[in-house]
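Now for the letters of each chain:
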Amino acid sequence: MFKSINELKQYVHVSKNMNIEELFPSMEQALLENMKPHTGQQLITDLRAAFNSAPAVESMSGPMAALLPVFNAALAPFMLANFVKKAQVNISGTGVNIRSSANEKTAFSWQIAEAEEAYLRQAEIALDTLLEYLETNRADFNQWVASTAFTQLKNCLVFTTAIGNQIVDINNSRLLFLRLKPHLMAVLYNSIEGSIGEDNL
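Residues numbered from 1 in each chain as written. Predicted model: local features only at pLDDT ≥ 70, side-chain atom pairs only at ≥ 80, totals over all residues. Heavy atoms only, no water.

A few words on helix 4 (residues 62-84). Taking 1.5 Å per residue, 23 residues should reach 33 Å; helix 4 reaches 34 Å between its end C-alpha atoms and fits that length. Along its length, helix 4 reaches its greatest deviation from straightness, about 35°, at Leu68, and the proline Pro69 lies no more than four positions downstream. (Helix = DSSP H or I, 4+ residues; strand = E, 2+ residues; numbered from the N terminus. Expected span 1.5 Å × (residues − 1). Bend = angle between axes of the 7 residues up to and from the residue.)

Below, the structure is given as structure tokens:
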């Protein structure tokens, strides 16, 4: 959550001349698609309320103030990953056009793909840090503990990327870990439950 480009620039490389409002649709998409599944909606709602009620980020206090930079470290690259695919396309009454000028040309498709991949990689590392932070400070974030996001995170012995990476080399990728988790759950319940009991899973 950002009030200015300068705040966003703490986490990702963007031009200082960029209008922060251009990124708001991509921010909302990232909150819904990338952040909510891991934090729950109520935590986002409460963090946004604290953010919006403060005249400046520096004036925030308490648990939400401490959470904001950790949260934004994941939100910012997810935002840019969403934005980069649409940034050079202009939709108007005349149709869909590619943005171009005498000084700036459209990036090649491989450059756009590499930028998106780099943002997603940055975001997934930051997302792991965010989840570790919430786990460590869960007494301050009852919204998260009460959410389905917390339940889904904790309903498996292998519940963090770090633990998963010790079992299978997934290059500490949370996105890959999340794709593998249903298979891990199947192994636990189909092969291990009989040996250690359901209550120990």
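Next comes the rest of the description.
Turning our attention to helix 2 (residues 24-39). An ideal rise of 1.5 Å per residue puts 22 Å on 16 residues; helix 2 reaches only 19 Å between its terminal C-alpha atoms. When the local axis directions of helix 2 are compared, the greatest deviation, roughly 35°, occurs at Leu31. For helix 2, the full list of buried residues reads Ser26, Met27, Ala30, Leu31, Asn34, Met35, His38 and Thr39. Looking one or two places after helix 2, you find Gly40, whose phi comes out positive at around 80°. (Buried < 20%, exposed > 50% of the residue type's maximum accessible area, 1.4 Å probe, protein only.)

In this section: the side chain of Asn34. Relative to the helices and strands, Asn34 resides in helix 2. Once residues lying within four places of it in the same chain are set aside, the contact partners of Asn34 are Gln29, Phe78 and Asn82. (Contact = heavy atoms within 4.5 Å.)

Any region with low pLDDT has predicted coordinates that should not be read closely. The predicted model of the protein chain averages 80 in pLDDT, with 76% of residues at 70 or higher. Confidence, read as mean pLDDT per element, is least for strand 2 (residues 95-98) in the protein chain (56) and greatest for helix 3 (residues 41-53) (94). (pLDDT = per-residue confidence, 0-100.)

On to the packing of helix 2 against helix 4. Each packed pair of helices is defined by two parameters, the angle between the axes and the distance between the axes. Following both chains from N to C, one finds helix 2 and helix 4 inclined at 130°, their axes separated by 8 Å at the closest point. The angle between helix 2 and helix 4 falls in the class oblique. As helix 2 packs across helix 4, the resulting crossing turns out to be right-handed. In this structure, helix 2 contributes Ser26, Met27, Gln29, Ala30, Leu31, Asn34, Met35 and Thr39 to the contact, and helix 4 contributes Phe71, Ala74, Leu75, Phe78, Met79, Asn82 and Phe83. Across the contact of helix 2 with helix 4, the residue classes tally to ten nonpolar, five polar and no charged. (Axes fitted to C-alpha atoms, helices over the stretch in contact; angles between N-to-C directions. Parallel < 35°, antiparallel > 145°, perpendicular 65-115°, else oblique. Left-handed = near helix turned anticlockwise from the far one by under 90°. Nonpolar A, V, L, I, M, F, W, Y, C, P; charged D, E, K, R; others polar.)

This part is about the pattern of salt bridges. Taken as a whole and assessed by the stated rule, the structure comprises three salt bridges. Between Glu28 and Arg48 there is a salt bridge, with its nearest N and O atoms 2.5 Å apart. Note that Glu28 is positioned in helix 2 and Arg48 in helix 3, a separation of 20 residues in sequence. Overall, Arg48 belongs to the partly exposed group, its relative accessible area being 25%. (Salt bridge = Lys/Arg side-chain N within 4 Å of Asp/Glu carboxyl O.)

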